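Letter by letter, the chains look like this.
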Amino acid sequence: MSKNSLRFYFAILILAGVVLLVYVGWLPFSYSGDDLQYAMVIEQATSDRTLYHPTGTVNLRLDSDAQPQNERKIIPVNIRYILEYPSSILFVKIWQRLGWDGDVILPILWLRMLAGVLGLIFFFLALHRMTHKVGISLVVSFGLATTLTYWTYSTHIDQSISMILFSCVGLFVLAHVYHHSKGIMIAAIALGAATLFNFTAAVLAAAVTLTLFFLLDRGKIAVASKSFAFTASYFLLVAVVLIGALLWVNQTRKIDADFFKSASFYGHPEYLMEFPRDVIRAVFGSAKSQVTFPGYSGSLQALWDQSSNRDRAVILSFYGAILLFMAVPVFIFIANKPAFTREERNFGLTLIAWFVFFSMFNIWWDPGYIKYWLIPLTCWWALTGLVLSRLKAQSSKGYAWLMVGLVTLVAFTFVTNFLSTFLPESKRENNISLSTALSIKEVSSPFDLFISPGTPLDFYLAYFSERDVRSVGLLAYGTGGDMRRIHNVVSLARDQHLSAGGEIYILKPRNVSPSDYQLLLDLMGNVPLELVWSYSDVEVYRLLQ
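**Observations concerning the pattern of salt bridges**
In a structure, side chains of opposite charge can pair up when their charged atoms sit close to one another.
Then, in step 1: According to the stated counting rule, one finds 11 salt bridges in the structure shown.
Then, in step 2: Residue E343 pairs with R342 through a salt bridge whose shortest N-O separation is 3.2 Å.
Then, in step 3: The class for E343 is buried, based on a relative accessible area of 17%.
Then, in step 4: Judged by relative accessible area, which is 32%, R342 ranks as partly exposed.
Then, in step 5: Connected through shared salt-bridge partners, E43, R49 and E466 make up one network.

Here it is in structure tokens:
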């Protein structure tokens, strides 16, 4: 084995080992509502636990022993994430076969971390295939690993990192295609798999197809042939798996219009509500996807709203500097495109196409949510590696300056994200909602009902306390604010729990708006309440009958 080969394999080992060590060593104990909602689905499919969704999809059985009862179990497949639930269920069941008897959170987190590390390995392989430079590929891969978004979704339950893994596989295959003109159908399969894990990856497939057809400087017949082969392979894979999934799901539930609504992003997305504001949110969302504001972990919008004009100027300056640096390698690539080899140009144009397509989607969908900037962020780091390689090959003075700047960014990003976000979140005692939920479990009965105006605590109570919760906020979100339907759902649950001998409790979060809390009280008929438990994040009142 040659010295270069040893360096190559050693770099992969270092990348995987260091990243996994950091991810595992400071695994967060912070869970979003989406995290716990996902965990509830997997838990129901792999255990006998009865978990109540805050919208009331599982009811209390009223019989002689008044034991909670699951409704008929359905095969958990979401049309937007066809392979997500099945893959997690399979992984959890493997853990259980090996002796695991805890909840599903830790197995799912290991699945996410492994997907994140594998994604970085394929990202490294793609860059090395294009640049043949181990050092640059390693630095850039570490850079991607330390970003707020990649680190977050490699260590949280949310499903986005699986899509990134297969997108990086597709990127690696495309790097091979641009050198040897072979493997286009394998790239289609990789991106098809990414789409089956997250429907939004279909945007990547469209971007790659258009890039192949319009931008590759080869004969039009060859380009059209490759574009057709890519498109046909992609759609064949997605169609076969989709049809198979529908036939499978049809065994336990009706395939109707409601099932397919999720394919068109069922819910209440932003859908380009206010274009100038959304563009600004997109700009700052893309910057925050790289690094959180020092000393702060949470919504950038919330930080902005509570800041003085002077503090807002500091925030603007901070993210302005980040964005200014991030613009440098993009400018270098565009301004010096003829200096790149044909393969590098094609690869770079594909990255730009991915970036542009996904950025347009983000502006339309949810521009301030960092999760949707995972793909554009990955593209930026890959393009930066490409530019560094070309500058080094030209012995340009710009190489040293850009490399120093990049290493500084990587170090700053790691330290800031670690100290501001991941170190605090790795301490279980810092999760106030978890502490509250476990405490409420100790002092309440399984037959009690908790009614909430809508708070992240709802899912903590549902998952960790195993208590029945009705979230007025979630019900309003799902029904479009139909108060009659909300009243019917809450009243039904109230009657069931009272008949079972349970108590009715009202949650009053410390930060609840007066209007939201009054809406809940009106819904309950403004009956007398008694304060029974008080926690740092919520007060709990008992409904007096």
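**Describing the environment of M185**
Then, in step 1: Within the secondary structure, M185 sits in helix α8 (residues 184–197).
Then, in step 2: The spatial distance from the C-alpha of M185 to the C-alpha of I370 is 31 Å, given a sequence separation of 185 residues.
Then, in step 3: Ignoring any residue separated from it by four or fewer positions in sequence, one finds M185 in contact with A229 and S233.

**Section: a nonpolar patch on the surface**
Then, in step 1: A cluster of nonpolar side chains, contributed by L90, I94 and L98, occupies part of the molecular surface with about 340 Å² of accessible area.
Then, in step 2: What makes L90 exposed here is its relative accessible area of 55%.

**Digging into the pairing of strand β2 (residues 468–471)**
Then, in step 1: Judged by which residues are buried, β2 turns out to be covered on both faces: D468 and R470 on one side and V469 and S471 on the other are all buried.
Then, in step 2: With 4 bridges joining them, strand β1 (residues 449–452) and β2 adopt parallel strand pairing. Looking at the pairing, F450 lines up with V469 of β2.

**Section: helix α4 (residues 105–131)**
Then, in step 1: Taking 1.5 Å per residue as the helical rise, α4 with its 27 residues ought to reach 39 Å, and the 39 Å between its terminal C-alpha atoms agrees with that figure.
Then, in step 2: The buried fraction of α4 is high, at 22 of 27 residues.
Then, in step 3: Immediately downstream of α4, the backbone of H132 shows phi near 60°, a positive value.

**A short note on the packing of aromatic side chains**
Then, in step 1: In total, this model carries 35 aromatic pairs according to the counting rule given.
Then, in step 2: With 5.4 Å between their ring centres and 80° between their planes, Y369 and Y372 make a pair best called edge-to-face.
Then, in step 3: On the basis of relative accessibility, which here comes to 12%, the residue Y372 falls in the buried class.
Then, in step 4: A connected cluster of aromatic rings, assembled from ring pairs, spans Y23, W26, W151, F414, F418 and F422.

**A short note on the sheet that holds strand β4 (residues 529–534)**
Then, in step 1: Ordered by their spatial adjacency, 5 strands build an open sheet running β2-β1-β3-β5-β4, and the pairing between neighbours is mixed. With partners counted over all chains shown, the strands left at the sheet margins are β2 and β4, one partner each. Between one strand axis and the next, the sheet turns through 30° on average, direction left out of account.
Then, in step 2: Helix α19 (residues 457–465) rests against β1, β2, β3 (504–509) and β5 (538–543) of the sheet, and its axis sits at about 160° to β2.

**Considering the packing of helix α2 (residues 33–46) against α19**
Then, in step 1: Taken N-terminus to C-terminus, the directions of α2 and α19 make an angle of 30°; their axes are 9 Å apart at the nearest point. Classified by the interaxial angle, the pair formed by α2 and α19 is roughly parallel. By crossing handedness, the relation of α2 to α19 is classed as left-handed. Residues G33, L36, Q37, A39, M40 and E43 of α2 touch α19, and the partners they reach there are F459, Y460, A462, Y463 and F464.

**Thoughts on the nonpolar core**
Then, in step 1: By size, the foremost hydrophobic cluster in this structure holds 140 residues, and its most contacted members are W354 and W381.
Then, in step 2: In terms of residue count, the dominant contributor to this core is α4 (14 residues).
Then, in step 3: Apart from the residues within four sequence positions on either side, W354 is in contact with S167, L171, L174, L191, L204, A207, V208, I375 and C379.
Then, in step 4: One finds I506, Y517, L520 and L521 within the second-largest nonpolar core, a separate group that totals 16 residues.

What counts as what
- Residues numbered from 1 in each chain as written.
- Predicted model: local features only at pLDDT ≥ 70, side-chain atom pairs only at ≥ 80, totals over all residues.
- Heavy atoms only, no water.
- Salt bridge = Lys/Arg side-chain N within 4 Å of Asp/Glu carboxyl O.
- Buried < 20%, exposed > 50% of the residue type's maximum accessible area, 1.4 Å probe, protein only.
- Helix = DSSP H or I, 4+ residues; strand = E, 2+ residues; numbered from the N terminus.
- Contact = heavy atoms within 4.5 Å.
- Patch = residues over 30% accessible without salt bridge, like charges linked within 9 Å, V, L, I, M, F, W, Y side chains within 5 Å.
- Areas by Shrake-Rupley, 256 points an atom, 1.4 Å probe, with all protein chains shown as cover.
- Pairing = 2+ DSSP bridges.
- Expected span 1.5 Å × (residues − 1).
- Phe/Tyr/Trp six-rings, centres within 6.5 Å; stacked < 30°, edge-to-face > 60°.
- Axes fitted to C-alpha atoms, helices over the stretch in contact; angles between N-to-C directions.
- Parallel < 35°, antiparallel > 145°, perpendicular 65-115°, else oblique.
- Left-handed = near helix turned anticlockwise from the far one by under 90°.
- Core = buried A, V, L, I, M, F, W, Y, C linked by side-chain atoms within 4.5 Å.

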